[in-house]
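Architecture at a glance
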Amino acid sequence: EQTVFTFGGDSSHTNARQKDKTVTGGKGANLAEMAAIGLPVPPGFTIATDECVRYLKDGGDFSSQLQDDVAQALKHIEKSVGKRFGDAVDPLLVSVRSGARVSMPGMMDTVLNLGLNDETVEGLATASGDPRFAWDSYRRFIQMYSDVVLGLDHGLFEEALEIAKEDKGFYNDTEMECEDWQALVAQYKAIVREQLGEDFPQDVHHQLWGAIRAVFDSWDSERAKVYRRLNDIPGDWGTAVNVQAMVFGNMGETSATGVAFTRDPATGEKAYYGEYLINAQGEDVVAGIRTPQYLTKAAREAAGAKPLSMEEAMPDAYAELVQVFELLERHYRDMQDIEFTVERGKLWMLQTRSGKRTAKAALKLAVDMVGEGLIDEKTAILRVDPMALDQLLHPTLDPDAPRDVLTTGLPASPGAASGRIVLDADTAEQWSHRGEKVILVRVETSPEDIHGMHAAQGILTARGGMTSHAAVVARGMGRPCVSGAPGVSIDLKNRTLRIGERELSEGDTLTLDGGNGQVMAGHVATIEPELAGDFGTLMEWADKHRRMKVRTNAETPADCRMARQFGAEGIGLCRTEHMFFDARRIRAVREMILADSEKGRRAALAKLLPEQRADFREIFEVMAGLPCTIRLLDPPLHEFLPHGDAEFAELADATGLGVDHLKRRAGELHEFNPMLGHRGCRLGITYPEIYEMQARAIFEAVCDVAEASGAAPLPEIMIPLVATKRELALLRELIDRIAAEVFAEKGREVAYLVGTMIELPRAALMAGEIAEEARFFSFGTNDLTQTTLGVSRDDSARFLAQYVDRGIFARDPFVSLDIDGVGQLVEIAAKRGRATRGDIKLGICGEHGGDPASIAFCEQVGLDYVSASPYRVPIARLAAAQAAL
Ligand code: PEP
Ligand code: MG
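The shown structure was predicted, so the numbers you read here are calculated from the model rather than taken from an experiment.

1. A few points about the overall build of the chain
A tally of helices and strands in the chain yields 35 helices and 33 strands. Taken against the 2.2 N^0.38 rule, which gives 29 Å for 885 residues, the C-alpha radius of gyration of the chain at 32 Å falls within 12% of a compact globule. Dimensions of the chain along its principal axes, counting C-alpha atoms only, are 100 × 60 × 55 Å. When contacts within the chain are restricted to residue pairs at least 6 apart in sequence, long-range pairs at least 24 apart make up 69% of them.

2. So, the confidence of the model for the chain
Averaged over all residues, the pLDDT of the chain equals 92, while 98% of them reach at least 70. The complex model carries a pTM of 0.77, and its ipTM stands at 0.99.

3. Brief notes about the domain arrangement of the chain
Its domain assignment divides the chain into domain 1 (74–245), domain 2 (256–357), domain 3 (394–527) and domain 4 (546–636 + 671–884). Domain 1 and domain 4 are separated by 59 Å when their C-alpha centres are compared. Partitioning the side of domain 1 that touches domain 4 into residue classes produces 1 nonpolar, 1 polar and 4 charged.

4. Thoughts on the site of ligand 1
Within the structure, ligand 1 sits among Leu573, Arg575, Asp634, Glu759, Gly780, Thr781, Asn782, Asp783, Cys845 and Gly846. Within the residue set of the shell around ligand 1, elements represented by two or more residues are strand E27 (571–575) and helix H31 (781–789). For the shell around ligand 1, the residue count by class is 2 nonpolar, 4 polar and 4 charged.

5. With respect to the nonpolar core
Of all hydrophobic cores here, the largest spans 259 residues; its most connected members are Ala366, Ile439, Leu440, Leu538 and Val866. The element best represented in this core is helix H27 (residues 688–709), accounting for 11 residues. Contact partners of leucine 538, with chain neighbours within four places excluded, come to Leu363, Ala366, Val367, Ala380 and Val384.

6. Things to note about the pairing of strand E9 (residues 273–278)
The element E9 is largely enclosed, with a buried count of 6 among its 6 residues. Of the two faces of E9, both are covered, the one formed by Tyr273, Glu275 and Leu277 as well as the one formed by Gly274, Tyr276 and Ile278. Here strand E8 (residues 256–261) pairs with E9 via 6 bridges, running antiparallel. Pairing of threonine 257 across the sheet is with leucine 277, part of E9. For E9 and strand E10 (residues 293–294), the ladder comprises 2 bridges, and the chain directions are antiparallel. Looking at E10, one finds that tyrosine 276 is bridged to glutamine 293.

7. Structural notes on the sheet that holds strand E5 (residues 94–100)
As summarised here, the arrangement of the 5 strands in space is E1-E2-E7-E5-E6, forming an open sheet in which the pairing is antiparallel. Each edge of the open sheet carries a strand with a single partner, namely strand E1 (4–7) and strand E6 (110–114). For this sheet, the mean angle separating the axes of adjacent strands, direction not counted, is 20°. Looking at chain direction, strand E2 (residues 44–47) and strand E7 (residues 239–245) are connected through 4 bridges and run antiparallel.

8. Quick notes on the UniProt feature "domain: Pyruvate phosphate dikinase AMP/ATP-binding" (unreviewed entry) in the chain
In the UniProt entry, the feature "domain: Pyruvate phosphate dikinase AMP/ATP-binding" (unreviewed entry) is given for residues 24–59, 63–301 and 318–364. Helix makes up 64% of residues 24–59 and strand 11%, with an end-to-end C-alpha separation of 21 Å. Here residues 318–364 is 45% helix and 36% strand, with 26 Å between the C-alpha atoms at its ends.

9. Observations concerning the packing of helix H21 (residues 557–565) against helix H23 (residues 598–622)
At a closest axis distance of 9 Å, the pairing of H21 and H23 adopts a crossing angle of 10°. Relative to H23, H21 is oriented roughly parallel. Residues Pro557, Cys560, Arg561 and Arg564 of H21 form the contact with H23, whose participating residues are Glu618, Ile619 and Val622. Within the contact of H21 with H23, the residues separate by chemical class into 4 nonpolar, no polar and 3 charged.

10. A word on the packing of helix H24 (residues 644–655) against helix H25 (residues 659–669)
Where H24 contacts H25, the axes come no closer than 9 Å and their chain directions differ by 115°. The two elements H24 and H25 cross, and the hand of that crossing is right-handed. In this structure, H24 uses Phe648, Ala649, Leu651 and Ala652 to contact H25, whose residues at the interface are Val659, Leu662 and Lys663. Residue composition of the contact of H24 with H25, by class: 6 nonpolar, no polar and 1 charged.

11. Side note on the environment of threonine 655
You can see threonine 655 is positioned in helix H24. With 65 residues separating them along the chain, threonine 655 and arginine 590 place their C-alpha atoms 9.8 Å apart.

12. Focus: the environment of serine 12
Structurally, serine 12 can be placed in the loop between E1 and helix H1 (21–36). Assessed through the 8 C-beta atoms surrounding it within 10 Å, serine 12 is described here as exposed. Separated by 24 residues in the primary sequence, serine 12 and alanine 36 have C-alpha atoms spaced 7.8 Å apart.

13. Quick look at unusual backbone geometry
We note that aspartate 232 has phi near 55°; this positive angle belongs to a residue other than glycine. As for its placement among the helices and strands, aspartate 232 is situated in the loop between helix H9 (222–231) and E7. A positive phi angle, close to 55°, is found at asparagine 279, a residue other than glycine. On the secondary structure map, asparagine 279 appears in the loop between E9 and helix H10 (282–287).

14. A closer look at the sheet that holds strand E29 (residues 714–719)
Taken in spatial order, the 8 strands line up as E26-E27-E28-E29-E30-E31-E32-E33 and close into a barrel, and their pairing is parallel. Mean inter-strand twist for the sheet, computed between neighbouring axes without regard to direction, equals 25°. Pairing analysis gives 4 bridges linking strand E31 (residues 776–779) to strand E32 (residues 841–844), with the strands arranged parallel. Residue pairing for E32: phenylalanine 776 is matched across the bridge by lysine 841.

15. Some words on H1
Between its first and last C-alpha atoms H1 spans 15 Å; for 16 residues at 1.5 Å apiece the expected length is 22 Å, and the helix comes up short by more than 12%. Approximately 75° is the largest bend angle found in H1, and it occurs at lysine 27. For H1, the tally of buried residues reaches 12 of 16 residues, placing the bulk of the element in the interior. Turning to H1, its buried residues number three or more, namely Val23, Thr24, Gly25, Gly26, Lys27, Gly28, Ala29, Asn30, Leu31, Ala32, Met34 and Ala35. Where the residues of H1 are buried, they touch E1, E2, helix H2 (49–58), E5, E7 and strand E12 (346–354). Looking one or two residues beyond H1, the residue adopting positive phi is glycine 38, at roughly 90°.

16. Remarks on H23
With 25 residues, H23 extends 35 Å between its outermost C-alpha atoms, agreeing within 8% with the 36 Å of an ideal straight helix rising 1.5 Å per residue. The largest bend along H23 measures about 30° and falls at leucine 608, with the proline proline 610 one to four residues further on. Within H23, burial applies to Ala604, Leu605, Leu608, Gln612, Asp615, Phe616, Ile619, Phe620 and Val622.

17. A word on the environment of arginine 498
With respect to the helices, strands and loops of the structure, arginine 498 is situated in strand E21 (residues 496–499). Judged by C-beta crowding, with 14 C-beta atoms within 10 Å, arginine 498 ranks as partly exposed. Once the C-alpha coordinates of arginine 498 and histidine 469 are considered, the two residues, 29 residues apart in sequence, prove to be 23 Å apart. Excluding anything up to four places from it in sequence, arginine 498 contacts Ser489 and Glu503.

18. Some thoughts on the pairing of strand E17 (residues 438–442)
In regular strands, side chains alternate between the two faces of the sheet. With 5 of 5 residues buried, E17 lies mostly within the body of the structure. Residues of E17 alternate between two faces, with Val438, Leu440 and Arg442 on one and Ile439 and Val441 on the opposite face, all of them buried. Inspection of the sheet shows E17 paired to strand E18 (residues 458–461) by 4 bridges, in the parallel sense. Residue pairing across strands places leucine 440 opposite isoleucine 459, the latter belonging to E18. The parallel pair E17 and E18 is bridged by helix H18 (residues 450–455), and the resulting crossover is right-handed.

Here is what the cut-offs are and how they apply
- Position numbers for residues count from 1 along each chain, tracking the sequence in the order it is written.
- Naming scheme: in the order in which they are written, chains are lettered from A and ligands are numbered from 1.
- Where totals are concerned, whole chains, interfaces and linings use all residues; where local detail is concerned, this predicted model gives features only for residues with pLDDT of at least 70, and gives and counts side-chain atom pairs only at 80 or more.
- Here a strand is any run of E in DSSP of at least two residues, a helix any run of H or I of at least four, and the numbering for each starts at the N terminus.
- C-alpha atoms define the radius of gyration in this analysis, and the globule rule sets the expected value at 2.2 Å times the number of residues to the power 0.38.
- The contact criterion used here is simple: two residues whose C-beta atoms, placed from the backbone, lie within 7 Å are in contact.
- Think of pLDDT as the predictor's per-residue confidence, scored from 0 to 100.
- These domain boundaries are the output of an automatic or database domain assignment.
- As a working rule, the residues Ala, Val, Leu, Ile, Met, Phe, Trp, Tyr, Cys and Pro are called nonpolar, Asp, Glu, Lys and Arg charged, and the rest polar, with Gly in that last group.
- A residue counts as near a molecule or strand when its C-beta atom, positioned from the backbone, falls within 6 Å of it.
- In plain words, the nonpolar core is the set of buried Ala, Val, Leu, Ile, Met, Phe, Trp, Tyr and Cys residues that C-beta atoms within 7 Å link up.
- Here a residue counts as buried when 20 or more other C-beta atoms sit within 10 Å of its C-beta, as exposed when there are 12 or fewer, and as partly exposed otherwise, the C-beta atoms being derived from the backbone.
- At least two DSSP bridges between two strands are needed for those strands to be called paired.
- Working convention: axes come from line fits to C-alpha atoms, limited for helices to the stretch in contact. Angles between N-to-C directions cover 0 to 180 degrees.
- UniProt positions are given in the numbering used here, feature names are shortened, and annotations may be inferred rather than shown by experiment.
- Angles are sorted into four bins: roughly parallel if under 35 degrees, roughly antiparallel if over 145, roughly perpendicular if 65 to 115, and oblique for all others.
- In this scheme, a crossing is called left-handed if the near helix is turned counterclockwise away from the far one by less than a right angle; it is called right-handed if the turn is clockwise.
- What a helix is expected to span follows from its residue count: subtract one and scale by 1.5 Å.
- Take the seven residues that end at a residue and the seven that start at it, fit an axis to each, and the angle between those axes is the bend at that residue.
- Crossovers are described as right-handed under a simple rule: with the strands pointing away from the observer, the path leading from the first strand over the helix to the second runs clockwise.

Here it is, written out as structure tokens:
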């Protein structure tokens with residue numbers, strides 16, 4: 001099958017596979033598409049991702065077929081531009097770039113100006129009429145190739161450049177003259193010889209294959225792996241390679257290079273947005289070496305900046321660029337992120353892709369584009385990543401709170417963050433592991449900092465623009481970020497930091513406002529998010545298109561209220577044991593479990609009854625009219641045991657039982673494997689008085705609420721860890737008996753259901769029989785994953801990351817359901833349960849109920865609802881709608 005595809009020049013672009021991102025990668029597919037709609041794209045070719053996969057698997061050999069195909073494709077470029085690769089008179093130069101199925105900004109490698117050597121540089125100098133440009137390109141090429149392909153430390157080259165500039169008393173690269181670049185090239189070559197023991201490669205074909213090899217290898221670099229893990233990108237996709245005729249933004253004052261978005265990627269505002277640099281190559285913009293200039297006059301004026309915008313400095317090229325923006329938005333029906341170069345006044349498009357955006361921008365873009373008639377409601381629903389909503393649901397800085405502003409940088413990624421200053425990525429990770437909130441402060445970030453950025457609440461950089469690494473990555477991760485903050489200087493040796501006049505140390509608290517770029521000393525108060533506006537509109541559309549209900553996992557009235565604001569349609573799991581951990585109650589719980597006799601237990605339970613009843617009453621008031629699944633006590637009693645002498649002494653005081661006696665009882669309750677021990681319905685079977693108390697508290701509360709307000713919720717009483725029908729039958733009798741008692745006492749009957757969790761493989765398999773006793777099933781996929789995989793949910797973090805890295809699991813199975821394995825059990829149970837009881841209610845209450853991929857599976861199986869923690873309820877609403885479309 002074809003694996004090398006040409007584009008631009010006189011290529012025909014009729015091949016459907018070439019426009020398929022899974023074949024040619026995002027960049028390759030879009031280059032072909034742009035060329036096909038008539039945009040100015042430098043001619044080139046794409047080597048398919050399959051070749052990368054094969055190369056990495058077969059240990060790095062290239063087939064002769066591939067070599068032939070590349071030679072042919074190179075001819076296509078040569079013919080299109082009328083220059084020959086390696087020609088001493090007028091040489092063709094190419095760029096070699098990676099391009100995976102999805103964009104992984106800055107994660108993989110690029111080589112520019114490839115095809116230069118001691119001979120061709122002279123040809124380029126003559127042919128371009130600009131020797132300075134030719135030698136500037138050659139030194140760039142040696143530096144980049146040495147870093148990316150030869151694996152030499154780029155610091156060596158940067159240092160040589162810095163010294164060369166210092167010797168001349170220059171500040172900017174643009175001040176360097178032709179002879180200066182020539183001298184630097186000689187130095188660079190000497191560095192290569194010294195480091196490598198051989199000369200910089202002069203054979204241009206050797207250079208090309210070296211670069212292709214390096215791009216393939218970069219797919220498996222450490223930083224790419226980390227990025228993939230954080231973004232759930234499979235390791236077996238591989239990257240494509242794009243080889244393209246070079247166009248030059250560094251050919252003097254009529255040349256430039258830039259990046260642009262067709263709308264503001266931070267706010268979603270309909271305004272062109274971007275940065276450019278005159279007389280520069282693409283890498284200069286991203287690397288933050290020179291501070292880029294504004295694209296539009298309006299943006300420049302708003303920022304009060306002096307250097308002319310592109311709109312002012314190159315009006316013709318700018319006008320052409322604006323036309324391209326319009327065309328691309330109409331073609332792709334989405335906001336585009338573009339890279340372009342102007343070579344001697346002529347505009348060239350190097351890349352387009354749908355732009356990464358903040359959650360706020362994603363919402364605004366989706367809603368606006370429906371208004372503009374570019375997309376329909378369903379497309380809008382599918383456009384917003386449910387997980388991105390998370391950013392919007394969290395608090396922002398209170399505009400009225402006092403702010404001690406130290407400096408104001410660029411608002412690179414929105415949201416508010418407070419935390420303690422850390423000065424490197426490893427420290428960020430360590431401190432966050434011990435539960436600290438941290439702000440990562442760096443001069444600028446690089447892909448090596450990704451893990452620290454992920455661990456941090458927010459990121460502050462001294463350098464870099466809105467498209468710097470820090471800005472792009474932070475937006476993708478949803479971390480607030482202020483970049484290019486003036487007056488920030490970092491002293492890594494003393495672990496201190498100066499912002500303007502103020503001295504700070506690592507560990508001091510800082511607050512960032514990623515929405516306006518402010519950096520503040522100390523902690524600043526926050527306010528709750530706005531749930532109306534674009535958010536409300538999109539949620540309304542989502543609700544219209546989803547089939548499954550969305551409930552919440554909550555056990556406090558405050559959480560229930562919050563969840564209802566977020567749109568919860570009931571409680572899917574109220575874990576009653578959480579109500580027992582309160583300092584006062586835990587004593588009664590301990591008294592109960594350490595009692596010797598049923599009588600002792602009943603006495604202690606009598607103290608808990610009014611407390612539990614009061615909890616339920618409050619929750620039922622909040623959830624009036626909605627179904628509420630209340631799960632009876634589940635965890636091993638073991639978990640409630642006192643720790644340490646002080647707690648035993650206190651308990652001895654309260655109960656009048658001796659410390660020795662209590663310790664002996666505690667010893668008897670100790671379990672080696674408590675998660676498979678005396679827990680769940682096994683407690684209800686052996687200590688029925690516990691479930692009796694809980695059932696009584698529920699029924700009394702629901703009767704009270706019905707009496708007071710006339711609007712009761714529907715209690716669904718749920719039994720945990722059931723494996724057999726008989727367990728459920730015994731406990732259902734118990735509940736029905738208590739219900740009858742309470743209804744007789746209160747003189748009122750209320751509706752209720754009894755059902756079970758399905759969280760053991762046996763229960764899933766025997767669901768047909770169990771359904772005879774159950775009015776509903778709720779899939780407890782946390783335990784079901786643990787018991788199906790035989791992997792402890794509490795101890796697996798140590799090895800699961802490696803399991804994911806090595807492709808044993810695509811994702812952490814406790815985060816995203818193992819659909820192949822655990823999913824089968826869910827499917828079997830749903831089918832068998834329904835066969836017995838046609839109207840059995842089916843839901844999920846494990847953590848997976850808030851994970852979009854798992855929610856899609858639930859829709860497929862036809863569950864009636866998913867249940868998620870309060871902040872995840874909107875995520876689940878959107879994901880359920882996406883699943884239904
Ligand atoms: C489950 O096991 O999936 C569940 C929801 O219960 P818990 O997490 O409380 O064990
Ligand atoms: Mg469970």
